[in-house]
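Close look at the chain arrangement
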Amino acid sequence: MTEENNLLKKNLERIKEDLDDLQRYVDDLTMFLPLAFCTVNPLNLILGVNQSFQTLTGYDEMESIGNSIDFLFLEKSKVQELKEEMPVQKDSIQKEFVLLKKNNEKVPVSVSTLARRDNNDNFLGYFLVIADISETKEFQKKLEERVSEKTKELEIKNVEVTESRLALLNILEDVEDAWKKAEEEKNKTMAIITNFIDGLMVFDRDNVVRLINPKIEKFFYISSEEVINKSLNELKDSKNMLPLIESLSESSLFQNGNGSTDQFRAELVNKDNLTLDISEVSIINEDEKIGSLVVVHDITREKMIEAMKSEFVSIAAHQLRTPLSAIKWTMRMLLDGDLGELNEDQKGLVKKTYSSNERMISLINDLLNVTRIEEGRYLYQLELSHIEDVVAPLIESYKTEVERRGIKFNINIPKKKTPKIAVDAEKITLVIQNFIENAMKYTNQGGVMELNISYNKEKDEIEVSVKDSGVGIPKDQHGRVFTKFFRAKNIIKMETEGSGLGLFICKNIVEAHKGRVWFESEEGVGSTFYFSLPVRSQEEFDDFLKKL
Ligand code: ADP
């Protein structure tokens, strides 16, 4: 028995040692557990605390043990709820509290509790674990702030998006309106183009046909499918279009593609013998040429009336010329004393009549020249000559006349003979005479005139100009200077005589020689009238004659 007792005692001692070991192990474990931990009895009094508990709360073991858990937390009513729950609690629970530290600092914590029971399920108290969640809270707060910021931003964005959407919708409505209006305008324009009395053709900037109207189809016996989207060059293959395309190809507007606002004009006769006036203008948008518009106008009727008028003038002028010549010779005889000597008064009167008659003859000659030009009967007797030889016979007589009027007359002719040009001497003399007579008529006493002849090597042209320091031509009338019957406003009172036909005749003569005529003038300062004729070799001259 004693042996048995001894064995039992030994066993008991070993078990006690084991239990002590276990107790130490649990104590060590709880002591060094990083979470604040305390054991509480059923009366809610603290029985033990670990190191983390002391660190977190600031209370040491002595200050904590034996106290109710109330002093640890700010929310007393919540603590009360916990106390009531614990005896009946089955699982661990977790709540958030505000920990009141010894130094009065308040820290948000998460509190987990687990009830302890014996084998008979009697409530023995509980474990209470406190975890500092201030960082989590801070993080959560920051997160919430960020979320709220972002939400606000999103709300603002949302408002902006809504506003933009509305604005877009408005713009869309405006665009739709504008589109409708543009469509209406387009339809109107198309209706005008389709029913236009003239033929219309629109080329784009690459000289490709983009639009033609039915009148063009009718004038040139073509259909729009044949020409639309074809370039000027491709259209040359169409026999019916060739005459039009050839005259358009001469237009500088089609060649240099710049934003020039010049207008090109030409005339041609179509298959139906209609005379068509072709004009071409650049379509300019923001200083840039974006295409060309060709207008084809039927001028057959105007041409016919013009021809009739011209024929009438021609007949009338011819009819007048014979009696005027008769008057001229009778006056001459009277003046020369062939019919007996006249006294001074009689002589004066006859002289006046004689010069009026001369003016009438010159007017009739001008009219006849104009009608001949218009009827294409202004025949030329061309020869290869030096311009100096044409001008020479004029100079002496005009120099005397100009200087008699108190105007200085300078003549600049190159010493070396200039190259030959193809001229009808009589006609070119008429041009120079006209220039000189105008300069003389429209320059007051004390003025200066200058006749210049020069050879422009670069252009291979002979240039003749007559410059004066006379009354000039008002700028707003420059465009009409070479037209028939033009007389500028500023000279009508000053010089009553004049038909306004001289420069028109000059222009036609020079252009028939394939030359150019132009002028510069400033009112009150003076004018310079120029013409230039191309220099020609014998071969070129023969060629030129053949083409006439
Ligand atoms: P006109 O018989 O009237 O001189 P022209 O055809 O020769 O007819 O000239 C037409 C018009 O041009 C003149 O009436 C005049 O207004 C203007 N003109 C021509 N030459 C000059 C000039 N040298 N100076 C000023 N005006 C001129």
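Residues numbered from 1 in each chain as written. Predicted model: local features only at pLDDT ≥ 70, side-chain atom pairs only at ≥ 80, totals over all residues. Heavy atoms only, no water.

**Points about the sheet that holds strand β15 (residues 461-468)**
As a reminder, the rule being used: DSSP calls a pair of strands paired once it identifies at least 2 bridges connecting them. Elements are defined by DSSP. Helices are runs of H or I of four residues or more, strands are runs of E of two residues or more, and each kind is numbered from the N terminus. Between N-to-C directions, angles cover 0 to 180 degrees, with each direction set by a line fitted to C-alpha atoms, over the stretch in contact for helices. Here, residues are in contact when the closest pair of their heavy atoms is within 4.5 Å.
Judged by pairing direction, the sheet is mixed, and its 5 strands sit side by side in the order β12-β14-β15-β17-β16 without closing on themselves. Both outer strands of the open sheet, β12 (408-412) and β16 (516-522), are each paired with one neighbouring strand and no more. The sheet shows a mean angle of 10° between the axes of neighbouring strands, taken without regard to direction. By the bridge criterion, 7 bridges tie β16 to strand β17 (residues 526-534) in an arrangement that is antiparallel. Bridge pairing in β17 places Glu 522 opposite Gly 526. Here helix α13 (residues 387-404) sits on the sheet in contact with β12, β14 (448-456) and β15, set at roughly 165° to β12.

**Details of the site of the ligand**
Filter applied, for reference: Proximity is defined per residue: if any heavy atom of the residue lies within 4 Å of a molecule or strand, that residue is considered near it. Under this definition, polar contacts are N or O atom pairs within 3.5 Å; protein pairs additionally need one hydrogen-donor-capable and one acceptor-capable atom, and for neighbouring residues in sequence, both atoms have to be side-chain atoms. Values of accessible area rely on a 1.4 Å probe in the Shrake-Rupley scheme; residue burial ignores everything except the protein chains shown. By the convention adopted, Pro, Cys, Tyr, Trp, Phe, Met, Ile, Leu, Val and Ala count as nonpolar, Lys, Arg, Asp and Glu as charged, and the other residues, Gly among them, as polar.
In the region of the ligand, 20 residues are neighbours, and Asn 438, Tyr 442, Arg 487, Ala 488 and Leu 503 sit closest. Between an oxygen atom of the ligand and a main-chain N or O atom of Ser 499, the distance comes to 3.0 Å. The backbone of Leu 503 places a nitrogen or oxygen atom 2.8 Å from an oxygen atom of the ligand. If the ligand stood free it would expose 530 Å²; the protein chains cover 98% of that surface. Those elements giving two or more residues to the shell around the ligand turn out to be α14 (425-441), α16 (502-512) and β17. In terms of residue count, α14 provides more of the shell around the ligand than any other element does, 4 residues in total. For the shell around the ligand, the residue count by class is 9 nonpolar, 8 polar and 3 charged.

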